[in-house]
Amino acid sequence: VQPCGLRGHELLALEIALATGDFTRYIGVLSEGAEGVADSALRAVYYADAARAAEESLGDRERAAAFYERVIAEPEVERELARGVYRRLIAIHSEAERFEEQLRAVEGLSALEQSIDARRKLFFEAAKLSSKLGEKDRAIAALRARLSDEPADDDDGGKHGNALID
């Protein structure tokens, strides 16, 4: 557990957790601290720390996922923090075979990803998950988004890619 931006009582709770192994109390302190913070970006950091503690120290991936969801719900969450959180949510939901939740996380990450190659991989993953869920229109939309990121091919103008979804 590597906390970010903790105040006095959160640091004390961490010290107690490290000494006693009682990370449940520490997570509670972080959660309460987050709810008392007016700054949305800082609140997201608190929730992310609580999620990491739940996942790494308690092995409670469900509780971690709930905190990770709170992180991405914050309007001022920093881009890099949100990207990391989406990656954790994708892994957690994939392992639990919660494909709808995994798909939402993949779509969320694809909206933040700046690398064309990474975004194209995410769109393809979204298409596969949508297809698995029987959501043909959503799968087609993901494939279209993937193709729109594809550089135009001078030989065929990208017609082959479009034929896949028409």
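Scroll up for the structure.
What you see is a predicted model; the values in this text were computed from it and never measured.

Participant: Is there a simple way to explain the nonpolar core in this structure?
Facilitator: One recurring pattern in soluble globular proteins is that nonpolar side chains are buried together. Formed by 42 residues in total, the largest nonpolar core has its most connected members in Tyr26, Tyr68, Val71 and Leu81. Of all the elements in the fold, those that place two or more residues in this core are α1 (8-20), α2 (23-35), α3 (40-57), α4 (61-73), α5 (79-95), α6 (99-112) and α7 (116-132). It is α3 that provides the largest number of residues to this core, a total of nine residues.

Participant: Would you mind showing me how to read the pattern of salt bridges here?
Facilitator: When the charged atoms of two side chains lie near each other, side chains of opposite charge can form a pair. Applying the stated criterion to the full structure yields 15 salt bridges. The shortest N-O distance in the salt bridge between Arg61 and Glu95 comes to 2.8 Å. Taken together, the positions of Arg61 in helix α4 and Glu95 in helix α5 put the pair 34 residues apart, joining distant regions of the chain. Arg87 is paired through a salt bridge with Glu113; the nearest N and O atoms lie 3.5 Å apart. Within this pair, whereas Arg87 is found in helix α5, its partner Glu113 is found in the loop between α6 and α7, the two being separated by 26 residues in sequence. When its relative accessible area of 9% is taken as the criterion, Glu113 is described as buried. Shared partners join several salt bridges into a network, and the residues in it are Glu100, Arg104, Glu107, Glu135 and Arg138.

Participant: Looking at this structure, I do not really get α3. What am I missing?
Facilitator: In an α-helix, one full turn covers 3.6 residues, which means residues spaced three or four apart are oriented alike. With 18 residues, α3 extends 25 Å between its outermost C-alpha atoms, agreeing within 8% with the 26 Å of an ideal straight helix rising 1.5 Å per residue. Buried residues dominate α3, accounting for 13 of its 18 residues. One side-chain oxygen at the N-terminal end of α3 lies 2.9 Å from the backbone nitrogen of Ala41; it belongs to Asp39. Two residues or fewer past α3, Gly59 is found with a positive phi of approximately 70 degrees.

Participant: Would you explain the packing of aromatic side chains in this entry?
Facilitator: Enumeration over the complete set of coordinates arrives at two aromatic pairs. The interplanar angle of 80 degrees and the centroid separation of 6.3 Å between the aromatic rings of Phe23 and Tyr26 together place this pair among those described as edge-to-face. Here Phe23 pairs with Tyr26, and both are found in helix α2, just three residues apart, close to one helical turn. A relative accessible area of 0% places Tyr26 in the buried class. The positively charged end of Lys132 is found above the aromatic ring belonging to Phe99, 4.2 Å away from the centroid.

Participant: Please explain the packing of α2 against α4 as it appears in this structure.
Facilitator: How two helices pack is summed up by the angle between their axes together with the distance between the axes. Packing of α2 against α4 brings their axes to within 13 Å, and their N-to-C directions diverge by 15 degrees. On the basis of their axis angle, the class for α2 and α4 is roughly parallel. Along this stretch, α2 crosses α4, giving a crossing that reads as left-handed. Contacts between α2 and α4 involve Thr24, Ile27, Ser31 and Glu35 on the former and, on the latter, Arg63, Phe67 and Arg70. In terms of residue class, the contact of α2 with α4 is made up of two nonpolar, two polar and three charged.

Rules of the game
- Residues numbered from 1 in each chain as written.
- Predicted model: local features only at pLDDT ≥ 70, side-chain atom pairs only at ≥ 80, totals over all residues.
- Heavy atoms only, no water.
- Core = buried A, V, L, I, M, F, W, Y, C linked by side-chain atoms within 4.5 Å.
- Buried < 20%, exposed > 50% of the residue type's maximum accessible area, 1.4 Å probe, protein only.
- Helix = DSSP H or I, 4+ residues; strand = E, 2+ residues; numbered from the N terminus.
- Salt bridge = Lys/Arg side-chain N within 4 Å of Asp/Glu carboxyl O.
- Expected span 1.5 Å × (residues − 1).
- Polar contact = N/O pair within 3.5 Å; in protein donor to acceptor, adjacent residues only side chain to side chain.
- Phe/Tyr/Trp six-rings, centres within 6.5 Å; stacked < 30°, edge-to-face > 60°.
- Lys NZ or Arg CZ within 6 Å of the ring centre and 35° of its normal.
- Axes fitted to C-alpha atoms, helices over the stretch in contact; angles between N-to-C directions.
- Parallel < 35°, antiparallel > 145°, perpendicular 65-115°, else oblique.
- Left-handed = near helix turned anticlockwise from the far one by under 90°.
- Contact = heavy atoms within 4.5 Å.
- Nonpolar A, V, L, I, M, F, W, Y, C, P; charged D, E, K, R; others polar.

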